[in-house]
Amino acid sequence: MPVLALDTSAAVAVALVGEDGARLASRTSDERRRHAESLAPLIAEVLAEAGVDRADLTAVVAGTGPAPFTGLRVGLVTARTLALALGIPVLGVPSLDALAVQAVSDLGLQPGDEVLATSDARRREVYWARYRVVAHEGAGGVPVVETVAGPDVARAGFVAQAQLGEGTSEAAGTAAVHVVGEGAMLYPDFLPVAEDAPLVPDATVLARIALVRRAQGLDQPSEPLYLRRPDVQEPVGRVVPATGASA
Amino acid sequence: MADPLVLGIETSCDETGIALVRGNELLVDAVASSMDEHARYGGIIPEVASRAHLEAMVPTIQRALGEADVDLSEVDAIAVTAGPGLVGPLTIGASAAKALSIGLNRPLYGVNHVIGHAAVDQLVEGPFPERTMALVVSGGHSSLLLVEDVATRVTELGSTLDDAAGEAFDKVGRLLGLPYPGGPHVDRLAREGDPHAIRFPRGLTARKDQEKHAYDFSFSGLKTAVARWVEARTDVGQEIPLADVAASFAEAVADVLTAKTIAACHRHDVDTLVVGGGFSANSQLREMAAKRCAEAGINLRIPPIRYCTDNGAMIAALGSAVVRAGVAPSALDIPVDSSMPLTTVTV
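If you're wondering where the values come from, they're calculated on a predicted model, not measured in any experiment.

## Brief notes about the side chain of B:Ser248
All names here are of chain B.
So, point 1. Along the chain, Ser248 falls in helix H10 (residues 242-267).
So, point 2. Judged by its relative accessible area of 0%, Ser248 is buried.
So, point 3. The residues contacting Ser248, other than those within four sequence positions of it, are Asp194, Pro195, His196, Ala197, Ile198 and Phe200.

Now the structure itself:
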């Protein structure tokens, strides 16, 4: 009984993953400004490719960001509405968690190692969260990480200073912080990305994390991680001094 | 066989609207609005509206289903606003509609919001005659449409070149120091004033405009004229007769809208006029349209106000017409179009 996982925090990633964590089918699209057009066809494609009946899905897993708002919402509203139609739960997983978990496998990290996962927040800032590796392989073979700091949004230079301690990471006795994610790729001077580091969240990894957390009975809310307030300006309207009827 | 059950989703601005329509029968119309959150900013903030749409989507669908005592599995087709409107909000509705289409394995129909404002009247007064004129007026739109078949043949005769009628009301409301949204306040104030006290200009009615812009509207100049008039009075320390200003302004708007619409009815030999959109709540417009249509022998159809504001019913109504007309469903990759042409009924 598989789950469908989707992430729209960066590009669009969709995967159909079995209860045991096996990937049945996956698709990605690199169109950053066409999430709403790309996502639904990719969902239909993975279902068709794996020959899975939509009625057999047991959950919809969605990356909750942090991410630029419009694309993120495409994934979340799709996940919530699809889950409603199928009468199954939505499981939300922070997208940066998927990057950190994947980094553990890809970079061969060990307990105590740290990961700084980043994504592009636009406006010359990055979304980031810092993790510590708890286990290289946990339940279901999925690496276990815990959040040490973040998620938050800031300039790359600020993140580097606060989280990498600028040069102190190499000091004896301090575990290296491995920088991953495409947010850092944009600011190599501040945030040098580890070789072979994952750059965007993988929907399959997202699904595996959700399956483990579901088995552990953890709450997995699908609330978006915006981390920024909407841009709004109080109006400065010219107002006539009312002399007749007024409001 | 019973007509198909169509679920309509509307999210082009700040209302999350979900409705169920079978044939021309409305089963339920549920709306969640984020208007209160916008009032303090004096206008719709797209990001605020988009966040509200995401949170309201599933609860509003559930509320609609509950009130109609319908299960999602009974839905035969999904209709959604594909444009025109605000991109962020439109994207939420379109994504939800696509997810329902996949989840229920039912066809998707992306439809035009403005044409929906006309189509909703079929739920109230039944099918349109062979040729119908539709005047759609709201805070975002002021358009004159010739409707030969609401599902397949709509011609845009004219539109506003600048502000929409409702937008002009909101702006004049602000100018007169009234709370946002100004439209209803200006309307209320206008009822106490003399509509002939001040002669404000009628946009695009001059002879030179008749050829190219016979059925187009322009309210920006009118708004400026009101501002100038108020300024001139204020400068010399004179009292502003707010009610008279409001009444004379409202008269100018209603005059232009109705005069051009009735001229279009004559020109295109149409004897039925539908007025839709939130601004059709405006009293001067309603009164003048009723009077002038009666004089011209035109059958005037204005749905009750709750159908005129943005809601799911208008989209489900148009969707229902489109499905019954046998129009091909939309693909799962349809985009939303903030400036969707008014001749495009479905995408």
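So, next bit.
## A few points about the sheet that holds strand S5 (residues 108-112) of chain B
All names here are of chain B.
So, point 1. With mixed pairing, the five strands of this open sheet are ordered in space as S3-S2-S1-S4-S5. Looking at which strands have only one partner, the edges of the open sheet turn out to be strand S3 (25-33) and S5. On average, each strand axis in the sheet is inclined to that of its neighbour by 20 degrees, with strand direction left out of account.
So, point 2. Of the strand pairs in this sheet, strand S1 (residues 5-10) and strand S4 (residues 77-83) are connected by four bridges, and their pairing is parallel. Looking at S4, one finds that Ile9 is bridged to Val80.
So, point 3. Of the strands in this sheet, S1, strand S2 (15-22) and S3 touch helix H2 (residues 46-68), which is tilted by about 30 degrees from S2.
So, point 4. Helix H13 (residues 312-324) contacts S1, S2, S3, S4 and S5 of the sheet and is inclined by roughly 135 degrees relative to S1.

## Observations concerning the domain arrangement of chain B
Residue and element names in this part refer to chain B.
So, point 1. Taken domain by domain, chain B comprises domain 1 (5-120 + 311-324) and domain 2 (129-305).
So, point 2. Look at where the C-alpha atoms of domain 1 and domain 2 centre, and you get two points 27 Å apart.
So, point 3. Counting residues at the interface gives 17 residues for domain 1 and 15 residues for domain 2.
So, point 4. Roughly 1,200 Å² is buried in total at the junction of domain 1 and domain 2, and carbon and sulfur atoms are behind 78% of that figure.
So, point 5. Considering only the surface of domain 1 that becomes buried against domain 2, Val114, His117 and Ala118 emerge as the three largest contributors, covering 38% of it.
So, point 6. Scanning the region where domain 1 abuts domain 2 turns up zero salt bridges.
So, point 7. Summed over the shared surface of domain 1 and domain 2, the number is zero residue pairs in polar contact (both at pLDDT 80 or more).
So, point 8. A per-element tally of the side of domain 1 that touches domain 2 places helix H4 (residues 113-119) first, with six residues.

## A look at the packing of aromatic side chains
So, point 1. Per the stated rule, a full pass over the model turns up four aromatic pairs over all chains.
So, point 2. Aromatic side chains B:Phe169 and B:Phe249 sit 4.7 Å apart centroid to centroid with 45 degrees between the ring planes, which places their arrangement in the tilted category. Remark: B:Phe249 occurs in helix H10 and B:Phe169 occurs in helix H6 (residues 165-175); sequence separation between them is 80 residues.
So, point 3. For B:Phe169, a relative accessible area of 1% translates into the label buried.
So, point 4. Note on B:Phe217 and B:Phe219: the rings are 6.1 Å apart at their centroids and 10 degrees apart in plane angle, and the pair reads as stacked.
So, point 5. For B:Phe217, a relative accessible area of 0% gives the class buried.
So, point 6. Residue B:Phe219 is classed as buried on the basis of its relative accessible area of 1%.
So, point 7. Positioned above the aromatic ring of A:Phe69 is the side chain of B:Arg51, whose terminal nitrogen or guanidinium carbon lies 4.6 Å from the ring centre.
So, point 8. Positioned over the ring face of A:Tyr226 is B:Arg51, at 3.8 Å from the centre of the ring.

About the thresholds
Residues numbered from 1 in each chain as written. Chains lettered and ligands numbered in written order. Predicted model: local features only at pLDDT ≥ 70, side-chain atom pairs only at ≥ 80, totals over all residues. Heavy atoms only, no water. Helix = DSSP H or I, 4+ residues; strand = E, 2+ residues; numbered from the N terminus. Buried < 20%, exposed > 50% of the residue type's maximum accessible area, 1.4 Å probe, protein only. Contact = heavy atoms within 4.5 Å. Pairing = 2+ DSSP bridges. Axes fitted to C-alpha atoms, helices over the stretch in contact; angles between N-to-C directions. Domains from an automatic or database assignment. Buried area = accessible area lost by both parts, 1.4 Å probe. Salt bridge = Lys/Arg side-chain N within 4 Å of Asp/Glu carboxyl O. Polar contact = N/O pair within 3.5 Å; in protein donor to acceptor, adjacent residues only side chain to side chain. Phe/Tyr/Trp six-rings, centres within 6.5 Å; stacked < 30°, edge-to-face > 60°. Lys NZ or Arg CZ within 6 Å of the ring centre and 35° of its normal.

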